[in-house]
Amino acid sequence: MAAEIHSRPQSSRPALLNKIEGHQDAVTAALLIPKEDGVITASEDRTIRVWLKRDSGQYWPSIYHTMASPCSSMAYHHDSRRIFVGQDNGAIMVSSFGDLRMVNAYNLPQFCLYHSYSLFCPLSSC
């Protein structure tokens with residue numbers, strides 16, 4: 001789902017602008033992609049997906065990647081166009097935005113990594 005911010009409320013009730021469907025399990029993280037008109041989602045179904053807005057106004061899955069373990073957290077670094085995904089098994093995957101190609105993977109089950117305001121670690125370790 002994406003939100004549009006207006007300077008003045010258009011109505012007294014919130015309105016659903018878009019709905020994104022496609023994951024087979026709970027979505028654990030969703031990030032808006034600045035300047036790309038898209039959304040990145042991570043799910044317990046072990047996938048991360050990039051959804052780009054089409055001319056029709058609907059968000060469609062452009063690319064997805066299946067990981068070894070469910071995704072517990074995610075961050076996007078706009079300048080480097082990198083996606084950082086923390087997995088339940090303690091691994092951290094770093095991917096490029098354009099094709100979700102893995103750039104680096106770190107297995108840190110005994111550590112917690114803090115990056116900006118995001119926390120990457122298995123839920124049982126922190």
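Within an unreviewed UniProt entry, the label attached to the protein chain reads WD repeat and FYVE domain containing 1, and the organism entered is Monodelphis domestica.

(A) Spatial organisation of unusual backbone geometry. Not every positive phi belongs to a glycine, and R46 is a case in point at roughly 75 degrees. Relative to the assigned elements, R46 resides in the loop between β2 (38–43) and β3 (47–53). The class for R46 is partly exposed, based on a relative accessible area of 35%. Of note, the phi angle at R81 is positive, near 55 degrees, even though the residue is not glycine. By the secondary structure assignment, R81 is in the loop between β5 (71–77) and β6 (82–87).

(B) Focus on the UniProt feature "repeat: WD" (unreviewed entry) in the protein chain. Taking the UniProt record as the reference, the feature "repeat: WD" (unreviewed entry) is found at residues 20–51. The annotated region residues 20–51 carries 0% helix and 56% strand content, and the separation between its end C-alpha atoms amounts to 8 Å.

Parameters at a glance
Residues numbered from 1 in each chain as written. Predicted model: local features only at pLDDT ≥ 70, side-chain atom pairs only at ≥ 80, totals over all residues. Heavy atoms only, no water. Helix = DSSP H or I, 4+ residues; strand = E, 2+ residues; numbered from the N terminus. Buried < 20%, exposed > 50% of the residue type's maximum accessible area, 1.4 Å probe, protein only. UniProt positions renumbered as here; feature names shortened; annotations may be inferred.

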